[in-house]
Structures are given as C-alpha cells and as structure tokens.
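Examination of the molecular architecture
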Amino acid sequence: MSTSGLEGVVVAQTKLSAINGAEGELIYGGYEIDDLARHTTFEEVCYLLWNGELPNQAQLDGLRAQLAAEQDAAPELIEMLRAYPRTADPMAGLRTIVSALGMFDPNADDNTEPELRRKAILLTAKMPTLTAAFERIRNGKEPVAPRAGLSMAANFLYMLNGEEADEIRVRTMDAALILHAEHGMNASTFAARVTAGTLSDVYSAIVSAIGTLKGPSHGGANVEVMNMLRDIAQSGTEPEAWVDHALESGRRVMGFGHRVYKATDPRAKVLRDLADQIVPAEGGEGGRGGRYWLDLSDRIRSHMQARMEAAGKKIYPNVDFFSASVYTTLGIPEDLFTAVFAMARTPGWTAHLFEQYAKNRLIRPEAEYTGPRGLTVKPVGER
Ligand code: CMC
C-alpha cells in the first residue's frame, strides 16, 4: 500500500504540539497558540518546547542568560558571510553557515542530552545574529553585534536595522516567532528527524531542515506571497481578477491551503490581528506602504474564500499569508522571510531532535517498485 505524500501516516509520538485541522486549532505542550502568542515571549516558548512546561521567573532568567551567552557570531563565521556572493539566496546562506557552525563545534557528534540542549540554545541564539549579519553584509553594511539586555525578538530587529524597534514592533516580532516555533510533523521537522534517525549530528539535521523549509510549498511560501502582492500591484490588475486568472490557469495562490488545516490556520488569525496594530494607516513608499499590502491581502482572502467555497474546497489562509505584510511592515526584506521562519522554527526542530534521539529508530520507509523486471544486460554496443 502506498500513501501519497505520507498523508495521514503517523511516524512518531510527540509531546510538543497538536493540530486539530478540522477546527483550525494548534496547541504547544497543552497551551493554545493564541494564548501563547498574546501572553508569552519567544524565550518562554523555547523553554516550553525544550522542557515541557512554561518557566518560572528564575528558569526564564536562566534561559535568557544562556541564550545571551551564545548570541555572538565568531569572526570566522562573519568572514564566511563576507565571502558569499552578494546574490546568494538567504536560505542557501543560512544552510551553509549552520553547516559551518557544526565544523567549529568540537563536540558536534556528541548526541548526549546535555550536548543536545547546549546545541539547541546555541543554534536558536546564533541564527538571528547570522541572518541579520548576512542581510547587512550583502548590502555593504557592517554587522551589528547583539545588544545585552534585549529579548531575542528585539535583538533581531536591532541587529537587522541598526536601531532598536519600538515596543509594538518588538511585540509583533515576538508573536511571529512564537507562531512559527513548532508545527508537528511538517516536512522540515520530518527531514530533521530522518537525519537524526541515522544518528547523524544536530547540525546536519538542522541543515536538512533548512533545505526542506526553503521550498515554496513549505516555508518558501511567505516569499511567494509577497511576490504575488507585488505582481498584482505592479500589473495594476484588480486582485479578484488576478486570483481568477491564477486559478483558471491551474496555478496555486500562495499562502492558501494546508495539508492538515481544513479551516483557517489559527496562526493566520493572530497575525491578521497583529497586522491591524502595527500597520500604519497611511504612509510608505509610492503609496504602497501603510495599509496597502494589508488591504490587498484582505481582498485576496475574501475572493479566494468565495471561490473555494463555490468549488467545495477547504482551502483557507495559512500562516504565510499575513506574515508577508507583517514582515514587510517590520522592515524585513522579503527574500529574508523564510530565513526568519527558519530561526523561529529552530526551537521546534531541536525539541523534535530531543525526542528523536531519546527513542531513536532508523526512519526507513519503503518504495513500491513499478519498473520492469527480468531484463538482462546486453553489451553497450548492442543497446
Ligand atoms: N491555491 C489554489 N488551490 C489550491 C491551493 C492553493 N494554494 N492549495 C491547494 N489547492 C487545491 C489543489 O489544486 C487541489 O485541488 P484538486 O483537488 O481540484 O486537484 C486541492 O486543493 C488539494 O490540494 P493538494 O495538493 O492535495 O493539497 P496538499 O495537502 O498536497 O498541499 C499545500 C498542501 C500547502 C502544498 C498546498 O495547499 C499549496 O501548494 N499551497 C500553496 C503554498 C503554501 O502556501 N504553502 C505554505 C503552507 S503553510 C506553511 C508551512 O507549513 O510551511
């Protein structure tokens, strides 16, 4: 028996998160995503994923100190970023620098629990620093070192833009990181677990995950959403007509649909609410700042909803749909969106690695052979 795309196949047990696709619900460790996004910080969610419970103040302070101690990027790594071609894709850049991080770790191949925890903190702390440094270097700017005392979300925006963001922007960044931190057996998490299942090292597993997240059917969709919004804006086409044309040409509208959700992705709802708080009423370049992208997104959502309902399909906005306009408002360049997703997903990926290594069995499914049999080899000149 074969199951296309492994749909509905349970490949592991996890205590990290659960998705109710029919109702559009997501919990991390027992807590509703909406509650976490509104009332916790990314650091608290990291603690929850790595320890199975939310931290008390002392535990949270301890984790913050550990993350802060790992936030710097070694000069060798910054030199590597400088050697990248200026045209490098940010996800290719992140994949390469995370691989390099492993080479600089003398204990890279030690998969014992304390070492797994150390690497989870190290990767979660360094990925925002390296992503921000990548962005500045490719624009001919010097990287900005992390600032002591800032949260992960605040520090990322600070290192990216060279100035501290205001409270509402930091809060939005924090919520976006929380919303992307974990999501069951998605493709990149599965890739990480398959790699760890061979007893390979954490860095290799995270490199596998980054390469998998890069695809437009997974994390790469957030970049494609922004490309779509720009395409609509530049063409001057009405968004409804653009959607009709896309659907009639058999194309997918990016930021819609999900393998598991058959209702609106709860993460999309939180992001839409946050967008209202941070997107300014007016302003922006060429009349395309302010609410422009958000209004365009709302029109696409309404029209897609009508079209999909008429077709009897349960296709709703997913997390990537509104993250495009939210990230744009936060000043994050669009081709960096998937790298931001990757740094946010690192606590989830590493928490899955804790589970995988703790109860490992090689992940090795089968393929059903559909080719010929019984052939015999002829000499090359006779073929
Ligand atoms: N636009 C238009 N039609 C769609 C879309 C879409 N975005 N997504 C699915 N459909 C249709 C699809 O054409 C198919 O129709 P039919 O039954 O007539 O052939 C039906 O819905 C079922 O699609 P499927 O390919 O069986 O669904 P899947 O579970 O294999 O794919 C998906 C899930 C996410 C790859 C797909 O919905 C998609 O390509 N969406 C656009 C890309 C996207 O936004 N990805 C981000 C996913 S959420 C973030 C993440 O976890 O990475």
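What counts, and at which threshold
Residues numbered from 1 in each chain as written. Predicted model: local features only at pLDDT ≥ 70, side-chain atom pairs only at ≥ 80, totals over all residues. Heavy atoms only, no water. Pairing = 2+ DSSP bridges. Helix = DSSP H or I, 4+ residues; strand = E, 2+ residues; numbered from the N terminus. 1 Å grid on protein atoms, 1.4 Å probe; cavity = no way out; pocket = protein on both sides within 12 Å on 5 of 7 lines; lining within 4 Å. Points joined across faces, edges and corners; volume = space filled by probe spheres on them. Nonpolar A, V, L, I, M, F, W, Y, C, P; charged D, E, K, R; others polar. Domains from an automatic or database assignment. Near = heavy atom within 4 Å. Polar contact = N/O pair within 3.5 Å; in protein donor to acceptor, adjacent residues only side chain to side chain. Areas by Shrake-Rupley, 256 points an atom, 1.4 Å probe, with all protein chains shown as cover. Sits in = over half its atoms within 2 Å of the grid points. Buried < 20%, exposed > 50% of the residue type's maximum accessible area, 1.4 Å probe, protein only. Contact = heavy atoms within 4.5 Å.

Spatial strand order, 1-2-3: 3 strands in an open sheet with antiparallel pairing. In this open sheet, the two strands that pair with only one neighbour each are strand 1 (17-20) and strand 3 (31-32). As defined by bridge partners, strand 1 adjoins strand 2 (residues 25-28) across 4 bridges and the pair is classed as antiparallel. Along strand 2, the bridge assignment pairs isoleucine 19 with leucine 26.

With that settled, the discussion passes to the layout of surface pockets. Any space left empty among the atoms is revealed by the rolling of a water-sized probe across them. Volume-wise, the largest pocket comes out at about 1600 Å³. The wall of the largest pocket is formed by 47 residues, among which Ser217, Gly257, His258, Arg259 and Val260 lie closest to the centre. If you list the elements that add at least two residues to the lining of the largest pocket, you get strand 1, helix 9 (187-197), helix 14 (292-310), helix 15 (319-329) and helix 16 (337-358). Taken together, the residues of the lining of the largest pocket break down into 22 nonpolar, 16 polar and 9 charged. Counting only domains with at least three residues in the lining of the largest pocket, you end up with domain 1 (14-216 + 335-358) and domain 2 (221-329). When its volume is computed, the second largest pocket comes out at roughly 690 Å³. Surrounding the second largest pocket, 30 residues form its lining, Gln13, Arg193, Glu355, Gln356 and Lys359 being those nearest its centre. Those elements that place two or more of their residues in the lining of the second largest pocket are helix 2 (42-51), helix 6 (113-138), helix 9 and helix 16. Residue classes in the lining of the second largest pocket are distributed as 15 nonpolar, 7 polar and 8 charged.

Residues in close proximity to the ligand total 20 residues, the closest being His218, Arg252, Val253, Phe256 and Arg259. A distance of 2.5 Å is found between an oxygen atom of the ligand and a side-chain nitrogen or oxygen belonging to histidine 218. Within the contact set of the ligand, an oxygen atom lies 2.9 Å away from a backbone nitrogen or oxygen of glycine 255. For the ligand, whose free accessible area comes to 940 Å², the fraction covered by protein is 71%. With respect to the pocket detection grid, the ligand is positioned in the largest pocket. Partitioning the shell around the ligand into residue classes produces 9 nonpolar, 7 polar and 4 charged.

To continue, consider helix 9. Of all 11 residues making up helix 9, 8 are buried, and the element is well covered by its neighbours. By the burial criterion, the buried members of helix 9 are Ser188, Thr189, Ala191, Ala192, Arg193, Thr195, Ala196 and Gly197. Buried residues in helix 9 make contact with helix 10 (202-213) and helix 16. Taken from the residues just after helix 9, leucine 199 is the one with a positive phi, measuring 65 degrees.

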